[in-house]
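Commentary on secondary and tertiary structure
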Amino acid sequence: MLRKVAVLAMPGMAVFEFGVFCEVFGIDRHDDGVPSFDFRVVAADPGPLPFPHGMTLDVPNGLDVAADADLVAVPALPVGDRADPRVLDALRAAHDRGAWVLSACSGAFVLGQAGLLDGRPSTTHWMHARALAERFPASSVDPNRLFVQDGKIVTGAGTAAGIDAALHVVREEFGAAAANIIARRMVVPPQRDGGQAQYIAAPVPEHVDDGYAPLLDWIEAHLADDLPVEILAARAHQSPRTFARRFRQATGATPAAWVARQRLLAARSLLESTDRSVEEIARDVGFGQASVLRHRFATELGVSPQAYRRRFGLVPA
């Protein structure tokens, strides 16, 4: 049973992610029917700890206080920082004795330094996912997940996804009712749908300097049309085989994948900025049927078009 929670405080850690752990585990809610936790903040060197924005955090507890913790949590840190070896030892010891180990955002890099991600799936903020995968190639990094659990190791994605990861641990230990009570007190959803992809800003398509810029502009203006590779190749005055090979070299994607990506970006923009129906948007961007658009959203973003509109729409419903 989860009773004692220790948060590892380290120089330069992110204020928000640290606060998430304090909010979820550090507040006594037993009057609401949620078990209370023996909550401690610990550091390799107790005492004043540099905190961002000119603040200082006074940490009274050393790592020995975490030696019997049922959960050891790691807030976000600057990606390039090396964790204190004593902190890494504390994380390994926690895992070895069967405790939960939880990270938020770039805290996953600390778990990686401790060797706890080797052979495991993981996630982190989408901006840092590639760096995490490169630095710890033995881990399978999924940049689209809000959190990933493998055994008792949980990695949360960027910033607010630390709430999702922490509530998930509560849900695993005490059930949905306890997690729902904490979420209600925090005024957040007890369990968000979808993954990180829906929060990644749709980028402006990058035109490559390989003679294809006019064609890419034309594609974006004709997304509602049927755009098989034969038509695109003809506009580029190339054979379909040559066009497919050179297009991929120039853009990093097949023609079909590039077109599908632009259609999805256009659909996202229309859902955000207009009140047009899903059926109309599907037709206007070239997906044809609403069912195809819904499938693309579910596959790529993990949410339905209507859920995406409710979350990001700029036009009142």
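To be clear, the structure that these remarks concern was listed above.
The following refers to the structure shown. (Residues numbered from 1 in each chain as written. Predicted model: local features only at pLDDT ≥ 70, side-chain atom pairs only at ≥ 80, totals over all residues. Heavy atoms only, no water.)

Thoughts on helix α6 (residues 176-186)
Those residues of α6 lying buried are A178, A179, I181, I182, A183 and M186. Taken together, the buried residues of α6 touch α1 (15-25) and α5 (161-174). Just past α6, the residue V187 takes up positive phi, approximately 60°. (Buried < 20%, exposed > 50% of the residue type's maximum accessible area, 1.4 Å probe, protein only. Helix = DSSP H or I, 4+ residues; strand = E, 2+ residues; numbered from the N terminus. Contact = heavy atoms within 4.5 Å.)

Observations regarding the packing of α1 against α5
Where α1 contacts α5, the axes come no closer than 9 Å and their chain directions differ by 25°. In terms of orientation, α1 and α5 fall into the roughly parallel class. α1 and α5 meet at a crossing whose hand is right-handed. Contacts between α1 and α5 involve F16, V20, V24 and F25 from the first element and G162, I163, A166, L167 and V170 from the second. The residue inventory of the contact of α1 with α5, partitioned by class, reads 8 nonpolar, 1 polar and no charged. (Axes fitted to C-alpha atoms, helices over the stretch in contact; angles between N-to-C directions. Parallel < 35°, antiparallel > 145°, perpendicular 65-115°, else oblique. Left-handed = near helix turned anticlockwise from the far one by under 90°. Nonpolar A, V, L, I, M, F, W, Y, C, P; charged D, E, K, R; others polar.)

Re the pairing of strand β7 (residues 100-103)
Burial along β7 is two-sided: the face carrying W100 and L102 and the face carrying V101 and S103 are both buried. Of the pairings in the sheet, the one linking strand β6 (residues 71-74) to β7 comprises 4 bridges and is parallel in character. Within the sheet, the bridge partner assigned to A73 lies in β7 and is L102. In this fold, the crossover linking β6 to β7 by way of helix α2 (residues 85-96) has right-handed handedness. Note that β7 and strand β11 (residues 153-156) share 3 bridges and pair parallel. Residue pairing for β11: L102 is matched across the bridge by V154. (Pairing = 2+ DSSP bridges. Right-handed = clockwise from strand over helix to strand, strands pointing away.)

Description of the pattern of salt bridges
With the rule as written, the count across this model stands at 11 salt bridges. Linking R92 and D89 is a salt bridge whose minimum nitrogen-to-oxygen distance equals 2.7 Å. Residue R92 and its partner D89 are located together in helix α2, separated by 3 residues, close to a single helical turn. The salt bridge involving E279 is made with R294; its shortest N-O contact spans 3.4 Å. (Salt bridge = Lys/Arg side-chain N within 4 Å of Asp/Glu carboxyl O.)

Here's the deal with the packing of aromatic side chains
The full count for this structure, using the stated rule, is 9 aromatic pairs. Centroid distance F109 to F136: 6.3 Å. Interplanar angle 65°. Geometry classified as edge-to-face. With F109 in helix α3 (residues 108-113) and F136 in the loop between α4 (129-135) and β9 (140-141), the pair connects residues that are 27 residues apart, well separated along the chain. Relative to W258, the ring of F247 lies with its centre 6.2 Å away and its plane at 85°, an arrangement referred to as edge-to-face. Of this pair, F247 sits in helix α9 (residues 240-251) while W258 sits in helix α10 (residues 255-273), and the two are 11 residues apart along the sequence. W258 matches F247 in its accessibility class, with the two residues each being buried. (Phe/Tyr/Trp six-rings, centres within 6.5 Å; stacked < 30°, edge-to-face > 60°.)

Section: the sheet that holds β11
On the basis of which strands lie adjacent, the open sheet formed by 7 strands has the order β5-β2-β1-β6-β7-β11-β10 and mixed pairing. The sheet is open, and its two edges are formed by β5 (61-62) and β10 (147-150), each paired on a single side. Bridge count between strand β1 (residues 4-8) and β6: 3 bridges; the pairing is parallel. Within β6, the residue paired with A6 across the bridge is V72. Sitting on the sheet, α5 is in contact with β7, β10 and β11, with an inclination near 160° to β7.

Notes on the pairing of strand β4 (residues 55-59)
Bridge analysis of strand β3 (residues 47-51) against β4 gives 5 bridges, and the strand direction is antiparallel. Within the sheet, the bridge partner assigned to F51 lies in β4 and is M55. Turn length for the β3-β4 hairpin, with the two strands adjacent in sequence and antiparallel, is 3 residues, and the turn residue H53 shows positive phi of about 65°.

Structural notes on α1
Buried residues of α1: E17, F18, V20, F21, V24 and F25, and no others. In an axial view of α1, the angular spread of the buried residues amounts to 150°, which keeps them on one side of the axis. (Arc of directions from axis to C-beta.)

Observations regarding the nonpolar core
Residues L8, V24, F25, L91 and L102 are the most contacted members of the largest nonpolar core, which totals 71 residues. Ranked by the residues each element gives to this core, the list is headed by α5, at 7 residues. Among the nonpolar cores identified, the runner-up in size contains 16 residues, and Y212, A233, A236 and A250 belong to it. (Core = buried A, V, L, I, M, F, W, Y, C linked by side-chain atoms within 4.5 Å.)

Looking at unusual backbone geometry
Trans peptide bonds make up most of the peptide bonds, and negative phi angles are found at most residues other than glycine. Here T159, not a glycine, exhibits a phi torsion of approximately 45°, which is positive. If you trace the backbone, T159 turns up in the loop between β11 and α5. Residue T159 is classed as partly exposed on the basis of its relative accessible area, which comes to 32%.

So, the packing of α5 against α6
How two helices pack is summed up by the angle between their axes together with the distance between the axes. Relative to each other, α5 and α6 sit at 145°, their axes nearing to 7 Å. Contact residues: I163, L167, V170, R171 and F174 in α5; A176, A178, A179, I182, A183 and M186 in α6.

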